[in-house]
Every structure is written in structure tokens, then in C-alpha cells.
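Here is what each chain is made of, one letter per residue.
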Amino acid sequence: MKSEEKTGKRKKYHQRDTLKPWSRLQVRMAISYVAVSVIIALLLELLLVVIFFTLIVNLPYVNQSVVNAANYSAQVYALEASVQGGGTALNPRTTFRPGQLYSLSAPAGFPSGNGSNNNSNPSLAQVVQFALLIAPNGQVLVSSDPSRYPVGANVAQLLPGQAQLIQNALAGKAGNTTNMIGHSTSAVQPIWSKNKQPIGAVYIQTPPQQFNPSIFSTIPPLLFTALFWIIVISPIGALFGLLTTRGLVRRLHHLVQATAQFARGDYTQRVKISKRDEIGQLESQFNQMAEQLVESIAQQQALTEQHARLEERARIEQELRTAQYIQRSLLPKEVPSLPGWQLVPIYRPAREVGGDFYDFHPLEDGRLGIVIGDATDKGVSAALLMATACTMLRTATRESVSPGEVLARVNELLAATIPSGMFVTCFYAMLDPTDGRLCYANAGHDLPYLRHKEGVSELYATGMPLGMLPGTSYEEKETMMAHGDSLLLYSDGLVEAHNAKRDMFGFPYLMALIKEHVTGKDLIDFLLGKLAAFTGPDWEQEDDVTLVTLQRAESYGMSEIAAQFDQTDGDNSWQTLDEWTVPSQPGNERMVMERVAETVKTLNLSSRQLEQIKTAVAEATMNAMEHGNHYQADVPVAIQALVSKTALAIRIRDQGGRKTIPAAVEPDLDAKLAELQTPRGWGLFLIKNMVDDMNVSSDETHHTIELIVYLGGDSHADEKS
Amino acid sequence: MPQAKVVMNVRRINATASIIDIQGEVSAFVEKVLMEAYAEASAATTRAIILNFSGLEYMNSSGIGLIVTLLIRVNRQKQRLLAFGLSEHYRHIFEITRLSDAIKIYAAEDEALAAA
């Protein structure tokens, strides 16, 4: 469910993250640019309109037709005044009467003031506001508006702005002027006499000009220009908007795409930091965030993987332990002791159990069944198969005394139970320790090597591996093992071991080594040493290595034993009381004990000391026969009794060589009664408590224990107790 | 395995006490003999098993191990193990092995029986 939700969310992201060619942002920006442009255009237009109208209202306005009409009116008045005056002087009575502008008769063709308006020119009444007849001395002679411009007043005082103009007219020069503020036009004309001399002047002034309403006709064009600007500016604004936001949108687009990719799980997504602006910061922060995320994801992943690895390792370890437990629990705990024979197994499991096994089956007739085998596969399945085969072999041995028959029976049982493709190789030998007769059969196992005086030979017998094919019969053969002969049974872990150069240990090398090996020494130690030298120190064992050696002891003579002591004992302060050997046979320790007691009789030891020496000697001899010589009857234990001025020494020597004494656990009766310790294991404890001193020494072939009892005092042993 | 050089005679003195007379050696080889003797000596009502070591010729560490084994079995049956007739040497060994803590040792048969 969760994953579905997630994919749904991802789809949504996916739909959003692809930008259209015109992104919303770009469109919005373009629209706002257009809006701004239009607003600016409208504001500018408004400004222009305001300025225009202000100027129109306030700037000087001269209406030429009014000026012309004023000039003409002045001319008409001047001519009339000249005529009325008779061409010599001005007649103050006949010119303008107060309030009667038209008192002068208009010349022919000039439109009269009283209603005749036959042309487009404005009539005098329309044109003239007031008129003054001015005497040459500059005084008002006649006035059409005497209330404001009274007769006799100085015109220069009345109209200071027009004084110069009037002065010029009195001098004979016509003129006009327009008052910029009042919008009234003044016109002057000299009045000529008959002899062409100026005899006065006429001054007229038009009424103030009205504002021309035709100005309003300029508004539609203004509106039209505004529309024009809007049409022109809008696309420019839009284009500008698109162009300026393009880079911005592109950068955002990259960010959006990178984020979307990242969200889809592409953690390599980073963006290029384009500029140092806010988007640049966003890009930089995106990169930082991505790095941190990647790092934390990696850490999380590493943790998860580590956890999984640990779990897997624990599971494997558990399985390995199970397999090892099964295998170890089935391998024999003790090696049967055969007088005159040395039987030594060694099992070195690979890290993953390989299915090797060996077993010993003591038969009722005194013979010993010796088995070595290898189950296919590895791990628990191999261990289980090996366990099954082991158990079947033990059971079959109780029912038959023939190796071939034992193998045939087990084969039938296994073939019926185990899956095809699985099988067990096995070599089965039955040894008669009394005469060295060895009867054997083989179920596809590597052929054991028998080393004898003439050389090395393989113990060959035909037979299929167990569990492979029902109805298989196994060839049975027989050979004899003479004194000094040795037999090696082994698993493929030895011969198939590889060194660093991937060379295999191999059968020829193994055979050569067995030939090379010196009789009497430990064959297993020798072979393991050679294997270690072959593989080198860093070897990871690929398969189980299982070796079982069976050696028949050489027959020793007494003289040889005595010589061994002579070689090693150079201490002259010791005087030898007695030296002899006994065969390593159970019960012989009593013989040694009695002979030692007899030998030390002359030393006048207390009965207590004597008893203690006897017990110590018996224990030491038992150890020598059992652990050193494995109760091989023809491998003797040598005993030497020596005396010095102060002490008695009993040396007991076996053929155990470099073997270390089994680590002695201090016996504790309470632990033994609680069954936490074996009830046995008192030997060394007794020895230590019976004598004053105990020394142990070993060389290549011998192991010697020396018991010391100090003479002339019976206190030492007592103190210990 | 060699024959055990021992003879063990079982005497069931009464319902609660039995004596095993040991004649010969106590070594690894006498396990069968000793355990058979114990089986014979131990009845349902038996509370004390008395070992008579008067005839003991030789006892080694394996023999001590056997006595420990016997002691374990006797303890399991909620019985007691007693002994008499030990020589000074073996008494000493019983002491250093602390067997004497678990097996009450008496000088003579009547003392042992009286304690049983």
C-alpha cells in the first residue's frame, strides 16, 4: 500500500515538474510588464494633455482677424476725424459723443455699426470696446467711455502700457499691440491734415478675446495617440517581460528538474550555480541539501547492509556450529588402545564442515574396525549425511565381521534414504592386532597407503561410493602389517589442498612423503608439518583434513633401552642401583613397583616412605604404559633406580616423545561427586603427594619422569599431606 | 583386559547394612566386579554399604576413581558408604584425596557396623 502511495505521489511530481514552453511565471511577468507599460503610457498621455491645456489656457493668444479689424476700425475713425475736422484741426464736438461709438459716420463700404452686417468681418461694435480721440498734446479730446477715460486726461497716464504706441501715432506712425494677459488688442492711427501732417490720433481698444472653444476638438486626436501608444507599447512590454524573465525561468526550470529527478531517486542530481543572487543561493542550498541527503542515505544504507551482513553471518555461524557439533559428537571420543600398536587420528575441520569422519569399532573377537569416510556436500547436510553413515556403519558392524559386507549393507540402507547425487566414500579395515592381519574393503574412498620394508603400496579394492547405486558389491582384500609398518588413511582434504600458486598437494607427493618418513616418529605430525610447509602460513583450509595412522611398533631389545639411558645420563654423582624394562601391558606396574621396593631395600627407608614410593612408581609406570606407549606390549617402559648421597631417584621412560602430558586438572572430590569432573584423574595428584620432587623431560622419542625421595628424613611427604 | 586380581565377597548383615570384603587389588580392571558386588550388597532397604579393605593388596589411582564412582552411585541411592580395615598408607591416601570426608573410616568391622 505504502509503495503505491509513493508512486502516486511521484506521478504528481512528474506532472508538475515539466514546464510548458510558456511558463506561468513567464506569462505573468509578461502581463505585468504590459500592464506597467500601459500605465506608464497612459500617465505620460495624461501629463501631455495637462501640459497642453495649461499652455492653451495660459499662453498669449493673438487673433489676427481681431487685430486687422481693430486696425481697420482705427483707420476708419482716423479718416472720419480728419474729414470732420476739415483737414486742419480736430473738431472735438463732432467726433465721438460719450457712449456713442458710432457717432462718426462710417465711410462708404464700411459696415456700419447699426445692424448692417453684410460680410464676415466683425462689425465695429463687435470689434471696438472704446475709442479715444487724442489731441497732439496727448490729452483725450473725445472719449467713447468718458467715465473711465475722461476728456482732457493725459492718455499716457490713462494707458501707460500703450503710451509709446500713442506717441508714435501722434508722430504719424500707425500701430497695434495686444495685451497678452487681457487678450485685448489696441490699435492707433494718426489723423492726417490736408497737408499730410498728423493732427492727432485715434486709439481704439477691442474687448478682451474669449477662449476659443475649438481647442476641445484636439481631444479625440489626443485619445487616438494614447491608443496608439498602448498598441505600440504593449507588445514591447510583453517582449521585454518575456526576455528579461527568460534567464530567470530557465534557472528555476533547471532547479525544478533537478529536484524532480532527485525525488525520483537520482541522487547524482546537482545544479550549476549560475549567479550569486537568491536563485543562486537556492541552487547552492539545493546542492548542499543533496550532498547531505546522499550522505545520510549512504550512512543509512551502510547501516542496513551491515545489519544484514551481521545477521547473515550469525546465521551462517550458527549453521556452522550446528554442523560442527553434529560432526564432533559422532567422532569417537577415545582412541582404543591396542598393545603394540599406535593408532592416532586427527581431524581438522574446515571452517565449513566438509563431512569427513573416522570411527573405530572394537569387535568382540578382539579385532578393531577402522573407518574413514567423506560425505558429499558441505555444512549441515554433509554433517547429517556423515552422521547417518556413521551410525549405519556402527550398526552394520555389529551384524557382520566382513568389511565388504558391512559396506554393502550400509550402501543398501543409504541408497534407499538419501537423495540422488549425495553419497559417502568410505574405507573400512578390520585389524587383528595379534598378528597384524588387515582385512579391508573400499567404497570409492582415496586409497590408503601402507608403508612397509619394501616401500609404499596402496590398499586397492573396488567398490562404488555408499548410497550411489543399490545392489553394489564390495571387493574384500587382505594384507599383513609387520612390525614397523605404518598405514595412513586420509581424506581428500589433504591431497586436494592447494598452495598459493594453486598447485595441489597430490597423491604422488603424499606417497613420496610416506616413503621419506622415518619409522618410529609420528607420521601425522610429519605429514601435517609438510602440509603446513606446502600451503604456507596464510592458508585457508578448503576442506576437512582427516588422517588416521596405524603403526605397528618395532620390537625393542633390552640393550637398546639400556643404551638410551647411558646416552642421556652423564651425572656421575648418581649411582645406578638397577635398570630394566617392562612391556607396556596393563598390570605390569605392579611388577615395577615390587622390583623398585626390592631394589631400595638397602636404603633402609621407613615403611611409610616405601609404600609411598611404591604407589608413586606404580602410577608413573601406568602413565608411561598408557599415555606414552599406548599399551603397545612390545614398546617397553624403561625404569632406572639411582641413588646419590642425599636422594633416591626413580626414572621411568616411555616412547611418547614430544607428547605433552595431558593437562592435569587438579582433582576435586566435591566436583567429582557432583559429576562435574570425571571420577578418575588421580594419578598425577598421587605421584606429587607421594614423593618429594618430580621432574619431567622429553626428547624426540622419549618421555621421562623422575621421582625424587630425599634420604635421611621421612618428613617431606608428610608435610604435603 | 586382564583378569581382575580381586575377589569380592558380599555379606548382607541386616536389612540396612551390607559388607563387601575386598580381597586383592582395586584397579581399573575391577570395575565390573565391584559394581556387581555393590548390586548384590544393595537391597531396597539397605542404607549402608561397608567396604572391608582388610584384604587390600594394591590400590592405584584408577581404583580410587572406581571408589569415587561407587560413592556417586551410593549417594544416588541415598545410602552411605563406610570403610574399615585400611592400612596406614591407604588411610593416608584416603585423607589426601579427601575420600575420608565422604567415606567414614573405621578401624574394625564392629565399629563400622555400630555406626551403620
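For every chain, the first residue of the written sequence is number 1, and numbering continues from 1 onward in sequence order. The lettering of chains begins at A and the numbering of ligands begins at 1, in the order of writing. At least 70 in pLDDT is required for a residue's local features to be given in this predicted model, at least 80 for side-chain atom pairs to be given and counted, and no such filter applies to totals for whole chains, interfaces and linings, which use all residues.

1. Examining the sheet that holds strand β20 (residues 703–710) of chain A
All names here are of chain A.
Then comes step 1: By the convention used here, strands pair only if DSSP detects at least 2 bridges between them. Secondary structure is summarised from DSSP: a helix means a run of H or I of at least four residues, a strand means a run of E of at least two, and numbering begins at the N terminus for each. Judged by pairing direction, the sheet is antiparallel, and its five strands sit side by side in the order β16-β17-β18-β20-β19 without closing on themselves. Each end of this open sheet is capped by a strand with a single partner; those strands are β16 (575–583) and β19 (693–698). Put simply, the sheet's adjacent strands are angled 15° from each other on average, direction ignored.
Then comes step 2: Each of β17 (636–643), β18 (647–654) and β20 touches helix α16 (residues 607–628); the most contacted strand, β20, lies at about 175° to it. To obtain each axis, a line is fitted to C-alpha atoms, and for helices this fit is confined to the stretch in contact; angles are then taken between N-to-C directions over 0 to 180 degrees. Note that contacts rest on C-beta atoms placed from the backbone: two residues are in contact if these are within 7 Å.

2. A word on unusual backbone geometry
Residue and element names in this part refer to chain A.
Then comes step 1: Residue Lys-196 is not a glycine yet carries a positive backbone phi of 65°.
Then comes step 2: Turning to its location among the elements, Lys-196 is positioned in the loop between β4 (185–192) and β5 (198–205).
Then comes step 3: Backbone geometry places Arg-502, a non-glycine residue, at a positive phi of 65°.
Then comes step 4: Note on placement: Arg-502 falls in the loop between α11 (492–495) and α12 (507–516).
Then comes step 5: Residue classification places Arg-502 among the exposed residues on the basis of 6 C-beta atoms within 10 Å. Labels follow a simple rule on C-beta atoms placed from the backbone: if 20 or more others lie within 10 Å of a residue's own, it is buried; if 12 or fewer, it is exposed; otherwise it is partly exposed.

3. What to know about the pairing of strand β3 (residues 48–59) of chain B
Side-chain positions along a regular strand alternate between the two faces of the sheet.
Residues and elements named next belong to chain B.
Then comes step 1: Sheet topology places strand β2 (residues 17–26) next to β3; nine bridges connect them, and they run parallel. Residue pairing across strands places Ser-18 opposite Ile-49, the latter belonging to β3.
Then comes step 2: The definition of a right-handed crossover adopted here requires that, viewed with the strands pointing away, the path from the first strand over the helix to the second runs clockwise. Where the polypeptide runs from β2 across helix α1 (residues 31–41) and back to β3, its parallel neighbour, the crossover connection is right-handed.
Then comes step 3: Following the backbone out of β3, through helix α2 (residues 61–76) and into the adjacent parallel strand β4 (residues 80–84), one traces a crossover that is right-handed.

4. Describing the pairing of β5(A)
Residues and elements named next belong to chain A.
Then comes step 1: A large share of β5 lies buried, amounting to seven of its eight residues.
Then comes step 2: In this structure, strand β1 (residues 130–134) lies alongside β5, joined through five bridges in antiparallel fashion. Pairing of Ala-131 across the sheet is with Ile-204, part of β5.
Then comes step 3: Counting the residues in the hairpin turn of β4 and β5 gives five residues, including Lys-196, whose phi is positive at 65°.

5. Some words on helix α3 (residues 64–84) of chain A
All names here are of chain A.
Then comes step 1: Helices are assigned an expected span. That span is 1.5 Å times one less than the residue count. For α3, with 21 residues, the first-to-last C-alpha span of 30 Å sits near the 30 Å given by 1.5 Å per residue.
Then comes step 2: When α3 is considered as a whole, its buried residues turn out to be Val-66, Ala-69, Ala-70, Ser-73, Ala-74, Val-76, Tyr-77, Ala-78, Glu-80, Ala-81 and Ser-82.
Then comes step 3: Gly-86 lies just past α3 and shows a positive phi near 75°.

6. So, helix α13 (residues 523–535) of chain A
Residue and element names in this part refer to chain A.
Then comes step 1: Counted at 1.5 Å a residue, the expected span for α13 with its 13 residues is 18 Å, and the 18 Å between its end C-alpha atoms agrees.
Then comes step 2: The complete set of buried residues in α13 reads Leu-523, Leu-527 and Leu-531. Seen end-on, α13 carries its buried residues on one side only, within an arc spanning 65°. Summarising the geometry of α13, the exposed residues directed more than 90 degrees from the buried face are Gly-529, Ala-532 and Ala-533.
Then comes step 3: Contact partners of the buried residues in α13: β14 (486–490), α11, α12 and β15 (545–552). The arc under discussion is defined with respect to the helix axis, by the directions toward the C-beta atoms.

7. So, the packing of helix α7 (residues 219–263) of chain A against helix α8 (residues 278–330) of chain A
Residue and element names in this part refer to chain A.
Then comes step 1: Contact geometry of α7 with α8 gives a least axis separation of 11 Å together with a crossing angle of 15°. Here α8 runs roughly parallel to α7, going by the angle between their axes. In this structure, α7 meets α8 at a crossing whose hand is left-handed. On the side of α7, the interface is formed by Leu-248, Arg-251, Leu-252, Leu-255, Ala-258, Thr-259 and Phe-262, while α8 contributes Ile-279, Leu-282, Glu-283, Phe-286 and Ala-290. Roughly parallel refers to an angle under 35 degrees, roughly antiparallel to one over 145, roughly perpendicular to one between 65 and 115, and oblique to any angle outside these ranges. Handedness of a crossing follows from how the near helix is turned relative to the far one, being left-handed for an anticlockwise turn of less than a right angle and right-handed for a clockwise one.

8. Here's the deal with the nonpolar core
Then comes step 1: Here a nonpolar core is just a set of buried residues of the types Ala, Val, Leu, Ile, Met, Phe, Trp, Tyr and Cys, joined wherever their C-beta atoms sit within 7 Å. Of all hydrophobic cores here, the largest spans 71 residues; its most connected members are Val617(A), Ile650(A), Leu707(A), Ile49(B) and Ile50(B).
Then comes step 2: The greatest single-element share of this core, amounting to eight residues, is contributed by α16(A).
Then comes step 3: Apart from the residues lying within four places of it in its own chain, the contact partners of Ile49(B) are Ser18(B), Ile20(B), Tyr38(B), Ala41(B), Ser42(B), Val74(B), Gln79(B) and Leu81(B).
Then comes step 4: One finds Phe357(A), Tyr358(A), Ala443(A) and Leu547(A) within the second-largest nonpolar core, a separate group that totals 66 residues.

9. Focus: the interface of chain B and chain A
Then comes step 1: Each side of the interface is counted separately: chain B has 23 residues, and chain A has 19 residues.
Then comes step 2: Looking at the side of chain B that touches chain A, the elements with two or more residues in it are α2, α3 (88–96) and α4 (99–102) of chain B.
Then comes step 3: A per-element tally of the side of chain B that touches chain A places α2(B) first, with nine residues.
Then comes step 4: Asp, Glu, Lys and Arg are counted as charged, while Ala, Val, Leu, Ile, Met, Phe, Trp, Tyr, Cys and Pro are counted as nonpolar; the rest, among them Gly, fall into the polar class. When grouped by side-chain class, the residues that make up the side of chain B that touches chain A number 11 nonpolar, nine polar and three charged.

10. Looking at the environment of Thr546(A)
Residues and elements named next belong to chain A.
Then comes step 1: Turning to its location among the elements, Thr-546 is positioned in strand β15.
Then comes step 2: Taking the number of C-beta atoms within 10 Å as the measure of exposure, Thr-546 has 25 and is therefore buried.
Then comes step 3: Considering only alpha carbons, one finds Thr-546 and Leu-489, 57 residues apart in sequence, at a separation of 8.2 Å.
Then comes step 4: Beyond its immediate chain neighbours, meaning those up to four positions away, Thr-546 contacts Tyr-347, Asp-356, Tyr-358, Ile-372, Tyr-490, Ser-491 and Gly-493.

11. Here's the deal with the sheet that holds strand β12 (residues 455–458) of chain A
Residue and element names in this part refer to chain A.
Then comes step 1: Spatially, β6-β15-β14-β11-β12 is the arrangement adopted by the five strands of the open sheet, whose pairing is antiparallel. Bordering the open sheet on either side are β6 (341–348) and β12, each of which pairs with just one other strand. The mean angle between the axes of side-by-side strands here comes to 15°, regardless of whether they run parallel or antiparallel.
Then comes step 2: Strand direction decides the pairing type here: strand β11 (residues 449–452) and β14, joined by three bridges, are antiparallel. Across the sheet, the residue bridging to Leu-450 is Leu-487, located in β14.

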